[in-house]
Amino acid sequence: MLFVLVAVLVAGWLWQQKSDKQEVLAVVHAVPAGSVITSDDLKVIEVAGLKDSIAAADLENVKGSTAAVGLVAGQVLTPGVVAANPMPGKGERVVGLDLDATRAPTGLQAGDVVMVLAVPPAGDASGPAELESPTVLAEVTTVLSADHIEGAGTRLTLVVAQNVAARVASFGAAGRVALVQMPLGGDN
């Protein structure tokens, strides 16, 4: 009798575990950032407990999209790792920046819109005239990714217009960039 009871409980537990699983899309092999995702890059797996994963039923929507970040084998796809349009698009470039905490708003994340300013280097005692009218390096720029590093600031990847990319990169490398977050819909 005890054996039958334990068997029923184990069967019920296994059935419950199976019912919580959902079919989602995962990556078969490494896919570099910026690559177009094909059906050969994807597989369907069953998982439980992942809320933001892309369902297997969305396979046709994911095929032809672009890897927004480098993908690793076995990685479950989420909306933040794929982009509908190629990155960078025509006339755009991707620039990386490392900024200390005083030069970027806290909590920046992918999709945020920022203005890129040229500022004096840290510790420079510039006059008020230079500080009151900073040079705008890029008026409207999109954050592609943001990694907040405890005690070190923020590592950002920005999508900028082609004509300002070299300037943003060189000012960033010299530690002379600050960001101002803009409203997503613009100021209109």
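The numbering scheme is per chain: residues are counted from 1 as the chain's sequence reads. For this predicted model, a pLDDT threshold of at least 70 governs which residues receive local features, and a threshold of 80 or more governs which side-chain atom pairs are given and counted, while totals over whole chains, interfaces and linings are taken from all residues. Processing note: side-chain calculations cover all non-hydrogen atoms of the structure and skip hydrogens and water entirely.

## What about the overall build of the protein?
Under the convention used in this document: Helix and strand assignments follow DSSP, with helices taken as H or I runs no shorter than four residues and strands as E runs no shorter than two, numbered in order from the N terminus. With a 1.4 Å probe rolled over the protein chains alone, any residue whose accessible area is under 20% of its type maximum counts as buried; one over 50% counts as exposed, and the rest are partly exposed. We call two residues in contact whenever any of their non-hydrogen atoms come within 4.5 Å of each other. We get accessible surface area from the Shrake-Rupley algorithm with a probe of 1.4 Å; when it comes to residues, only the shown protein chains can shield them.
A tally of helices and strands in the protein yields four helices and nine strands. Ordering the α and β elements of the protein from the N terminus gives α-β-β-α-β-β-β-β-α-β-β-α-β. Counting only C-alpha atoms, the protein reaches 90 × 35 × 35 Å along its principal axes. Expressed as a percentage of the 188 residues in the protein, the buried residues total 31%. Contacts spanning at least 24 positions in sequence make up 68% of the contacts within the protein whose residues lie at least 6 apart. Surface exposure of the protein reaches about 11400 Å², of which carbon and sulfur atoms provide 58%.

## Description of the nonpolar core
Note the cut-off: Buried Ala, Val, Leu, Ile, Met, Phe, Trp, Tyr and Cys residues form a nonpolar core when they are joined through side-chain atoms within 4.5 Å.
Core analysis: the biggest nonpolar cluster contains 20 residues, and Val-116, Leu-156, Leu-158, Val-168 and Leu-179 have the highest contact counts within it. Looking at this core, the elements that each hand over two or more residues are β5 (92–99), β6 (113–118), β7 (135–149), β8 (153–161), α4 (162–173) and β9 (177–182). When residues of this core are assigned to their parent elements, the largest contribution, four residues, is made by β7.

## Side note on the pattern of salt bridges
Under the convention used in this document: For this analysis, a salt bridge means a side-chain nitrogen from Lys or Arg found within 4 Å of a carboxyl oxygen belonging to Asp or Glu.
The final tally for this structure, using the stated rule, is two salt bridges. Lys-63 serves as the salt-bridge partner of Glu-60, at 3.0 Å between the closest nitrogen and oxygen. Overall, the relative accessible area of 55% leaves Glu-60 in the exposed class. The partly exposed category is assigned to Lys-63, whose relative accessible area is 30%. Close ionic contact of Asp-98 with Arg-155 constitutes a salt bridge, the shortest N to O distance being 2.8 Å. Separated by 57 residues along the polypeptide, Asp-98 in strand β5 and Arg-155 in strand β8 bring together distant segments of the chain.

## A look at the sheet that holds β6
Counted only if it meets this: By the convention used here, strands pair only if DSSP detects at least 2 bridges between them. A fitted line through C-alpha atoms serves as each axis, taken over the contacting stretch for helices, and the angle formed by two N-to-C directions is quoted from 0 to 180°.
Here we have five strands laid out as an open sheet, ordered β5-β8-β7-β6-β9, and antiparallel in their pairing. Looking along the sheet, the strands with just one partner apiece sit at the ends: β5 and β9. With direction set aside, neighbouring strand axes in the sheet form an average angle of 40 degrees. Where β6 meets β7, five bridges bridge the pair, whose relative direction is antiparallel. Its bridge partner being in β7, Val-113 is matched across the sheet by Thr-142. Together, β5, β6, β7, β8 and β9 form the strand contacts of α4, whose direction differs from that of β5 by roughly 15 degrees.

## Section: the environment of Asp-100
Counted only if it meets this: A 3.5 Å cut-off defines polar contacts: any pair of N or O atoms within that distance qualifies, except that in protein one atom must be a possible hydrogen donor and the other a possible acceptor, and neighbouring residues in sequence count only when both atoms are side-chain atoms.
Mapping Asp-100 onto the fold places it in the loop between β5 and β6. When the C-alpha positions of Asp-100 and His-148 are compared, they lie 9.8 Å apart, and in sequence the two are 48 residues distant. In this structure, Asp-100 is in contact with Ala-152 and Gly-153, ignoring residues within four places of it in sequence. Looking at Asp-100, its side chain comes within polar contact range of the side chain of Thr-102, at 2.6 Å.

## Things to note about the confidence of the model for the protein
Detailed conclusions should not be drawn from predicted coordinates in areas where pLDDT is low. Put simply, the rule is: Across the chain, each position has a pLDDT score giving the predictor's confidence in that residue, from 0 to 100.
Per-residue confidence for the protein gives a mean pLDDT of 83; residues scoring 70 or more make up 91%. Within the protein, the lowest mean pLDDT, 70, falls on helix α1 (residues 2–19), and the highest, 93, falls on α4.

## Quick word on a nonpolar patch on the surface
Put simply, the test is: Surface patches are drawn from residues lacking salt bridges whose relative accessible area is over 30%; two like charges belong together within 9 Å, two nonpolar side chains (Val, Leu, Ile, Met, Phe, Trp, Tyr) within 5 Å.
A cluster of nonpolar side chains, contributed by Leu-2, Leu-5, Val-6, Leu-9 and Val-10, occupies part of the molecular surface with about 490 Å² of accessible area. Note that Val-10 resides in helix α1.

## Here's the deal with the side chain of Ser-53
The residue Ser-53 is located in the loop between β2 (42–47) and α2 (59–62) in this model. For Ser-53, the contacting residues outside a window of four places in its chain are Gln-22, Val-24, Val-76, Leu-77 and Thr-78.

## Quick notes on α4
The line we're drawing: In this scheme, a helix's expected span is set at 1.5 Å multiplied by one less than its residue total. The directions from the helix axis to the C-beta atoms are what the arc is built from.
With 12 residues, α4 extends 17 Å between its outermost C-alpha atoms, agreeing within 8% with the 16 Å of an ideal straight helix rising 1.5 Å per residue. What α4 keeps buried is the set Val-164, Ala-165, Val-168 and Gly-172. Looking straight down α4, one finds its buried side chains confined to an arc of 125 degrees; they lie on one side. Away from the buried face of α4 by more than 90 degrees, exposed residues Asn-163, Ala-166 and Ala-173 are located. The inward-facing, buried residues of α4 contact β5, β6, β7, β8 and β9. Among the residues trailing α4, Gly-175 stands out with phi positive, at a value near 70 degrees.

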